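Here's the letter readout for the chains.
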Amino acid sequence: MILISDQKDLTNFLNEKPFKSTKLTLVPTMGNLHEGHLKLVEQAGSVSNFVCVSIFVNPLQFGPEEDFSSYPRTLSEDLSKLEKTNCSLVFAPKVDDMTFGIKQQKADPFLSSIMCGKTRHNHFDGVVTIVNRLFELFQPKITFFGEKDYQQLMIIKEFVERKKLKIAVEGVATERELSGLAKSSRNSYLSGEEKKKAALIHKTLINLKQLLLDFNGIDSVIQQAKESLEKNDFNVEYLEARDRYTLKESSDPNNIILLCAATLNKVRLIDNLKL
Ligand code: PAF
C-alpha cells in the first residue's frame, strides 16, 4: 500500500503507471475509519484491482460553529486498518495543498437546500468542491459513498450527471452496531450510555416504517415519532419522508425513504431507512 501526501506526487505517480488499463476505484473519506468505511473499501476491491482511499478532513464543508478543529484525526490507526484490506493507495493531503486555488463547485440548489442543507449552509458546496477535485486527480471509474449520508450521495450523483463525468457513483448500505446505531466517525463523541440511547433513532425509523406500511397517515405518525425522540432527550432537526430517487416530499410508500437528523447532547446524528 502506497501513501501519498500531496497532489503533485499523486499526479506524477498516476501518470507513471500504466493506469489506462486499470479499473481505478476511489473511496473518499475524512478518516477516523470504521467498519462502514472498510465496507466501502471491500466493495471497491470486489470490482477493481486498484483501490484508492483519500483521507482528508475537508474544511470547506464545516460551518464556523461546527467541529472542524475537534474532528477526530487518526491517520496512523487508519493506515493500519487499510493495510488489512485491498487498498493499494492512500492519499492524505494537507489542507493548504488541497484547498489552495481550488475551483469552487455548486451542489444542486434544490437537493442542497432541504434537510441538512437548511442548517448546514454551504456544506454540500464544500463537499462537491473537494469531491470534484478528487475526481480530477484520480479519474476513477467507480467511486463509493455510504448510504448513511443519503442526501450527500444523491447530491454527488446529480453532480456527476450534470458535469457529464464518466464515473459510476455507488451507494453502499449503512453499517450498524448490534444496537442498530448507524456507524459514524462522530459516534466517538458519544459516551457508552449515549450510544445506547442514540440507537433509538434507528428503532424509531423502523417503527415508523411499520406504521406507514400499515397505511397510517404520514404526517401524524411522523409527528408522533418526533415527539417520542424528543421525550428521550433528542433535539430533532428533521424527520421526513421523501422520494428515494428525487428527495422530493412524497407519500408514495413504494419509493419512500425516511430521513432523520437529531442531536443528542450536542452530537449531531443522521440516519435513514428505505420503506
Ligand atoms: O462523507 C464524507 O466523509 C465526506 O463528506 C467526503 C465525501 C469524503 C467529502 O469530504
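Scroll up to find the structure.
**A word on the overall build of the protein**
Per the secondary structure count, the protein includes 10 helices and nine strands. Here the C-alpha coordinates of the protein stretch approximately 60 × 40 × 35 Å along the principal axes. Sorting the 275 residues of the protein into buried and exposed places 53% on the buried side. Sequence-distant contacts in the protein: of pairs separated by 6 or more residues, those separated by 24 or more amount to 72%.

**Points about the environment of Gly 31**
Within the secondary structure layout, Gly 31 lies in the loop between strand 2 (24–29) and helix 2 (35–47). Judged by relative accessible area, which is 2%, Gly 31 ranks as buried. Remark: the alpha-carbon pair of Gly 31 and Leu 79, spanning 48 residues in sequence, is separated by 9.4 Å. Beyond its immediate stretch of four places on either side in the chain, Gly 31 contacts His 37, Ile 55, Asp 78 and Ser 185.

**Quick word on unusual backbone geometry**
Here Met 115, not a glycine, exhibits a phi torsion of approximately 45°, which is positive. Within the secondary structure, Met 115 is located in the loop between helix 4 (95–99) and helix 5 (116–119). Judged by relative accessible area, which is 1%, Met 115 ranks as buried. Look at Gln 139: it is not a glycine, yet its phi comes out positive at around 45°.

**A word on the site of the ligand**
Taken together, Pro 28, Thr 29, Met 30, Asn 58, Gln 61, Ile 130, Val 131, Phe 145 and Gln 152 are the residues near the ligand. In the model, an oxygen atom of the ligand is placed 2.7 Å from a nitrogen or oxygen of the Gln 152 side chain. Compared with its free state, where it exposes 290 Å², the ligand has 89% of that area covered by protein. Looking at the shell around the ligand, the elements that each hand over two or more residues are strand 2 and helix 6 (123–138). A breakdown of the residues in the shell around the ligand according to their chemical character gives five nonpolar, four polar and no charged.

**Some points on the side chain of Asp 108**
With respect to the secondary-structure elements, Asp 108 resides in the loop between helix 4 and helix 5. A polar side-chain atom of Asp 108 sits 3.2 Å from the main-chain amide nitrogen of Phe 110. Those residues within four positions of Asp 108 in sequence are excluded, and the remaining contacts are Glu 158 and Arg 162.

**Description of helix 1 (residues 7–16)**
Three or more residues of helix 1 are buried, namely Gln 7, Leu 10, Phe 13 and Leu 14. For helix 1, the buried positions fall inside an angular range of 130° around the axis, keeping them on one side. Helix 1 presents Lys 8, Asn 15 and Glu 16 as exposed residues on the side facing more than 90 degrees away from its buried surface. In the core, the buried residues of helix 1 are packed alongside strand 1 (2–4), strand 2, strand 3 (50–55), strand 4 (87–91), helix 4 and helix 6. For helix 1, the N-terminal capping position is held by Asp 6, with its side-chain oxygen 3.1 Å away from the main-chain nitrogen of Lys 8.

**Details of the packing of aromatic side chains**
This model, assessed by the stated rule, comprises three aromatic pairs. Look at Phe 62 and Phe 68: their rings are 5.4 Å apart centre to centre, the planes differ by 65°, and that puts the pair in the edge-to-face class. You can call Phe 62 buried: its relative accessible area is 11%. One aromatic cluster in this structure is built from Phe 62, Phe 68 and Tyr 71.

**Looking at the sheet that holds strand 9 (residues 267–274)**
Consider a sheet: its strands pair through backbone hydrogen bonds, and that pairing is either parallel or antiparallel. One open sheet accounts for three strands, arranged 7-8-9; its pairing is antiparallel. Across the chains shown, the open sheet's two edge strands, defined by having one partner strand only, are strand 7 (234–243) and strand 9. Shown here is a sheet whose adjacent strand axes are inclined to one another by a mean of 15°, direction ignored. Sheet analysis places strand 8 (residues 256–264) next to strand 9, joined by eight bridges and oriented antiparallel. Bridging from a neighbouring strand, Leu 264 pairs with Val 267 of strand 9. Its contacts with the sheet place helix 10 (residues 218–231) against strand 7 and strand 8, and it is angled at close to 155° to strand 7.

Procedures and definitions
- Residues numbered from 1 in each chain as written.
- Predicted model: local features only at pLDDT ≥ 70, side-chain atom pairs only at ≥ 80, totals over all residues.
- Heavy atoms only, no water.
- Helix = DSSP H or I, 4+ residues; strand = E, 2+ residues; numbered from the N terminus.
- Buried < 20%, exposed > 50% of the residue type's maximum accessible area, 1.4 Å probe, protein only.
- Contact = heavy atoms within 4.5 Å.
- Near = heavy atom within 4 Å.
- Polar contact = N/O pair within 3.5 Å; in protein donor to acceptor, adjacent residues only side chain to side chain.
- Areas by Shrake-Rupley, 256 points an atom, 1.4 Å probe, with all protein chains shown as cover.
- Nonpolar A, V, L, I, M, F, W, Y, C, P; charged D, E, K, R; others polar.
- Arc of directions from axis to C-beta.
- Phe/Tyr/Trp six-rings, centres within 6.5 Å; stacked < 30°, edge-to-face > 60°.
- Pairing = 2+ DSSP bridges.
- Axes fitted to C-alpha atoms, helices over the stretch in contact; angles between N-to-C directions.

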